[in-house]
Structure formats: structure tokens, C-alpha cells
Amino acid sequence: MTGRESRIAVVGTGYVGLTTGACLAALGHHVTCSDVDRCKIGLLSRGEVPLREPDLPRLVRRGLARGRLRFTVDTRDAVDGAGVVFLCLPTPMASGGEADLAAVREVVADVRASLPGGCALVTKSTVPVGTAARLKELVGRPDVALVSNPEFLREGSAVRDFLHPDRVVVGSADRAAADRVAALYAPLHAPVVRTDAASAELVKYAANAFLAAKLSYVNAVAELCEAEGADIGAVTAALGRDPGVGRSFLRPGPGWGGSCLPKDTRALLRAAEAAGTGFPVLRAAIEANRRQQRRVVDRVAEACGGALRGHRVGLLGLAFKAGTDDLRDSPALAVAAGLAARGADVVACDPALRGDERGIGESVAFVDDAYRAAKGARALVLLTEWPQFRELDWCRVAELLEGAVVVDTRNHLDPDVLRRAGLVRRGIGC
Ligand SMILES: NC(=O)c1ccc[n+]([C@@H]2O[C@H](COP(=O)([O-])OP(=O)(O)OC[C@H]3O[C@@H](n4cnc5c(N)ncnc54)[C@H](O)[C@@H]3O)[C@@H](O)[C@H]2O)c1
Ligand SMILES: O=c1ccn([C@@H]2O[C@H](COP(=O)(O)OP(=O)(O)O[C@H]3O[C@H](CO)[C@@H](O)[C@H](O)[C@H]3O)[C@@H](O)[C@H]2O)c(=O)[nH]1
């Protein structure tokens, strides 16, 4: 690879952009990352990482120290001299459910004249089918190629997922540009799937929608287990051994959430409706997820003797899964809001949060440890599977609680430990 080809720009330094930038710098490239958030760029330039992601701070500091990683608020400066420009910008849900591409369009319009001739402009953001083609028109330059290279990392294991991908998907009408992007991943020895841009864009949505539908399916099987007296743990242990099913994404829970699955399923559904095909299976999976959250609220109401009004309910965990401090579309927040709407006095804790984060909402009082969340509660509800919740002194919890029921929406706690503490554990599907 020539000197210029190994100069990379990454626009957007969130979970995807910062991981991409730091990992590509670790692979030996010279990477400039840009972001509109001045505060974030200030922190990152000093080696401080404002995201909770294992290994990311170490890679960022090493990249800075070796002069391979640089941060700027000036995106035009970042793309100057770059052979590959990754767009890692937010594509949130718009009011109608579709993906909002405003940030992507704004950046492309802003940098189009500054892009070096021959560079590859790569969408790593999750974008609807046809976006690469439309951006190609917006750029309006025959010497700039558009490439779709969707990202499949998960929060909480972003660096590991980036460096050990199951597959790398590269889609473009421009073979040479796609070769150049694929070559960046060569040291990872991962399978590279080469496609046209539209197929690459669809792979990302189809993957997330599949995972979401699988989770809704498992949560429905869990409900059936409760009705029939079966045990979801035993069912999924055997089910997952079928290679057609696979072992992952079989854990029932309070519903699936996070920054991607909810918005991407809605966007795909909207796109399918606009395309005239519809997607009834996906629609059902989304509705089943809402129902799952309502089911958890009903279950807590049962634990409180039928009605929630006037009862204190303690919540263990607010993040959408363990290992992250991300609250975006967390099912825990939906459950908390549902409990509060039915009159419960909701008190929550989460080891990754301080309580002053945006998004927790007014209906939840935040306390800094599990014992304070348990104090005086009629029911305690585990919503995020943090390992430290297993290690609580459950006898102390039992003394602090006003009631005796723990609703374990992740089937995370040891039933015997709770039983010995005199508590009743209600899991999902068991
Ligand atoms: N978070 C994930 O696990 C994940 C995984 C795969 C794909 N994705 C997709 O990747 C994209 C980015 O997701 P994310 O979670 O990294 O988002 P994020 O919100 O964590 O980060 C986006 C960053 O872009 C910056 N930004 C916004 N407008 C900008 C502009 N005009 N110029 C420069 N920077 C700007 C923001 O300040 C922010 O730092 C989305 O399309 C998402 O769906 C996310
Ligand atoms: O067995 C499981 C697995 C997950 N979940 C829930 O499903 C949601 C999503 O979890 P996960 O997929 O681990 O989180 P993300 O970090 O949002 O990752 C998803 O979304 C990313 C953004 O598009 C993709 O890159 C990843 O491949 C895709 O897994 C969370 O609420 C989890 O608690 C379960 O309830 N049971």
C-alpha cells in the first residue's frame, strides 16, 4: 500500500468511528478522526475516552503516542490527503420510523469539494439501501468512489469485534475502491464478502432484524414455557445445538433494545413498506418486543399483590445490556416508565451510571447502589445482567426489602442463593 492510501479519515467519533479509527491506527495506518463535538475532540486529543469500551482507551493513547491517530473538529482538514474516508455518523430514527440521514448528507455536502481525487468514500454508518448511489450523486465527482462497508460490532466488545470480525462486507460498483477498502482488513484474516453497494447496505439491516426477530421468538417461547410449566433454560440449551438455530441470541430478557436493533428494525420495516413488499414477520417481532416489556410490568404488578400504585419498586440495572453505559432505547427504561405510569415509586441503580446522564427520565429516582434500590421496595427487578448483581449479599437485600419477590428478567441470579435468603425469584420462562 502506498503512503497516501494508508492515510485514513474517520468522520464521527462515537462507538463505531472511534473504534474504527483506533483499530486502524493499531494496524499501522495514519488516521485522522473528526467530530462536531468540540468537547469530545478535546478529551480524545488528551487520550481521554468518553465511552465505556474495553481496550479502547489503551488503543487511543497508543495511537496518539505513536503519531498515528489525530483528532480534529475540522472535517475538511481530516479528509485532506486521505485515500479512504469512513463516515461513522449517527443515523437515528426519524419521526416516521425511517433512518434520518441528515448528518450523513450534511457532511458529504460539506466535504465533497475537499475529497482528494481517487479517494473512496465509505459508509460505515447503517444506511438504507440506495444510499451509496444517492451519495454518489450528491458528491457529483467521477473521481470519488462510494463504498458500503457496514459495521457489525457490538457495544461492550467493540474493539474485539472490530479486530475479530465474523465477516467484512464491502460493496461497491468500483472494484478498485472496494479492493482498497478490503485491503485495510487483510491483517485481520477475516472472510471478506464482496457485493454491490445495495446488497451490502441490506446485509446490515437484515442481520439486525434477524437478531431482533430471533430474540422476540425466544421471548415468546419463554412465555409458553411459563404457561406450560417448561424451563426456557433447558429448552434453549437443546435448541441452540441445532446448527440451523445456533447458540447465540437465545437468552430471554425484558425485550431487546440498544442504539441499533430498535431503530434498524423500524427503518427496515418502513423501507419494506415503501418498496411495497411489507415485512409481516418483522412487524410481529417489533410488536412482540413491546408486549414483552408490558409483560415485565405486569409481572412486577403481580409481585406487588396486583396493583403498583403507592408501592416502591427497586430496579437493578438501566443500561440496555451489561458491559455498556448506553441508555439508548434501553428496555429497562421502558419498563421503568411503564411501572411509573401505573403509579409505582421507582428507584434504580446501575454500576455503569452516575445518575446525571441524559435519558434516565424524571420517573426514576437514581441511587448509587443496589442496597439503596432495595430499601423499602415491595419488589426488586433485575433488568441488566451486570455480574456484580449476582454477588450481592442477598440476606442483606432480603432484610432491606419490604416484600420478598425478586423479578429476574435476565434469568441471571442463582435461585438457590435467593431461596436461602428467604426470597422468591420470578424469572422469565421458568
Ligand atoms: N453503536 C453500535 O454498536 C453500532 C454498531 C454498528 C453500526 N452502528 C451504526 O454506526 C453509526 C454510528 O453509530 P454510533 O453508535 O457510533 O453513533 P454515536 O452517536 O456513538 O456517534 C456518532 C458521532 O458522530 C458525531 N457527529 C454527528 N454529526 C456530525 C457531523 N456533522 N460531523 C462530524 N461528526 C458528527 C457525533 O458527535 C458522535 O460523536 C450509526 O449509523 C449506527 O447505526 C452502530
Ligand atoms: O441473547 C440475547 C442477546 C441480546 N439480548 C438483548 O438484545 C439487545 C441487543 O444486544 P446486542 O446485539 O448484544 O447489542 P448491540 O451492541 O446493540 O449490537 C447489535 O447492534 C449492533 C449495531 O448495529 C450490531 O453491529 C451488532 O451486530 C448487534 O448485535 C440488548 O438489549 C440485549 O440485552 C437479549 O435479550 N438476549
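Note that the coordinates shown come from a computational prediction; the quantities given were computed from them, not determined experimentally.

Asker: How should I be thinking about the overall build of the protein chain in this particular structure?
Answerer: The helix and strand inventory of the protein chain stands at 17 helices and 14 strands. At 23 Å, the protein chain has a C-alpha radius of gyration in line with the 22 Å of a compact globule built from 430 residues. Projected onto the principal axes, the alpha-carbon positions of the protein chain cover approximately 70 × 50 × 40 Å. Burial status across the protein chain gives 52% buried among its 430 residues. Intrachain contacts of the protein chain at a sequence separation of at least 6 include 71% that bridge at least 24 residues. With an accessible surface of roughly 18800 Å², the protein chain has 51% of that area assigned to carbon and sulfur atoms.

Asker: So what exactly am I meant to see when it comes to the layout of surface pockets here?
Answerer: The gaps left among the atoms become clear once a water-sized probe is rolled over them. Considered as a void within the structure, the second largest pocket measures approximately 350 Å³ in volume. Along the wall of the second largest pocket there are 18 residues; nearest its centre are Pro128, Val129, Ala267, Ala271 and Ala272. For the lining of the second largest pocket, the elements supplying multiple residues, two or more each, are α9 (197-228) and α11 (261-275). Ranked by residues supplied to the lining of the second largest pocket, first place goes to α11 with seven residues.

Asker: Even after reading the chapter, I still don't get the sheet that holds strand β11 (residues 364-366), so can you show me in this structure?
Answerer: Sheet strands pair by backbone hydrogen bonding; their relative direction is either parallel or antiparallel. Strand order across the open sheet formed by six strands is β11-β10-β9-β12-β13-β14, with parallel pairing between neighbours. At either margin of the open sheet sits one strand with a lone partner, and together these are β11 and β14 (424-426). Neighbouring strand axes in the sheet, compared pairwise and without regard to direction, differ in orientation by 25° on average. With four bridges joining them, strand β12 (residues 379-382) and strand β13 (residues 405-408) adopt parallel strand pairing. Bridged to Val381 within β13 is Val407.

Asker: So what exactly am I meant to see when it comes to the site of ligand 2 here?
Answerer: The immediate surroundings of ligand 2 are formed by 20 residues, with Leu153, Glu155, Lys204, Cys260 and Arg410 found nearest. The contact in question runs from an oxygen atom of ligand 2 to an N or O atom on the backbone of Phe152, over 3.0 Å. Here an oxygen atom of ligand 2 and a backbone polar atom of Leu153 are 2.6 Å apart. Expressed as a share of its isolated accessible area of 700 Å², the protein-covered part of ligand 2 is 93%. Broken down by secondary-structure element, the contributors of at least two residues to the shell around ligand 2 are α9 and α11. Among the residues forming the shell around ligand 2, the class breakdown is ten nonpolar, two polar and eight charged.

Conventions and cut-offs
- Residues numbered from 1 in each chain as written.
- Chains lettered and ligands numbered in written order.
- Predicted model: local features only at pLDDT ≥ 70, side-chain atom pairs only at ≥ 80, totals over all residues.
- Heavy atoms only, no water.
- Helix = DSSP H or I, 4+ residues; strand = E, 2+ residues; numbered from the N terminus.
- Rg over C-alpha atoms; globule rule 2.2 N^0.38 Å.
- Buried < 20%, exposed > 50% of the residue type's maximum accessible area, 1.4 Å probe, protein only.
- Contact = heavy atoms within 4.5 Å.
- Areas by Shrake-Rupley, 256 points an atom, 1.4 Å probe, with all protein chains shown as cover.
- 1 Å grid on protein atoms, 1.4 Å probe; cavity = no way out; pocket = protein on both sides within 12 Å on 5 of 7 lines; lining within 4 Å.
- Points joined across faces, edges and corners; volume = space filled by probe spheres on them.
- Pairing = 2+ DSSP bridges.
- Axes fitted to C-alpha atoms, helices over the stretch in contact; angles between N-to-C directions.
- Near = heavy atom within 4 Å.
- Polar contact = N/O pair within 3.5 Å; in protein donor to acceptor, adjacent residues only side chain to side chain.
- Nonpolar A, V, L, I, M, F, W, Y, C, P; charged D, E, K, R; others polar.

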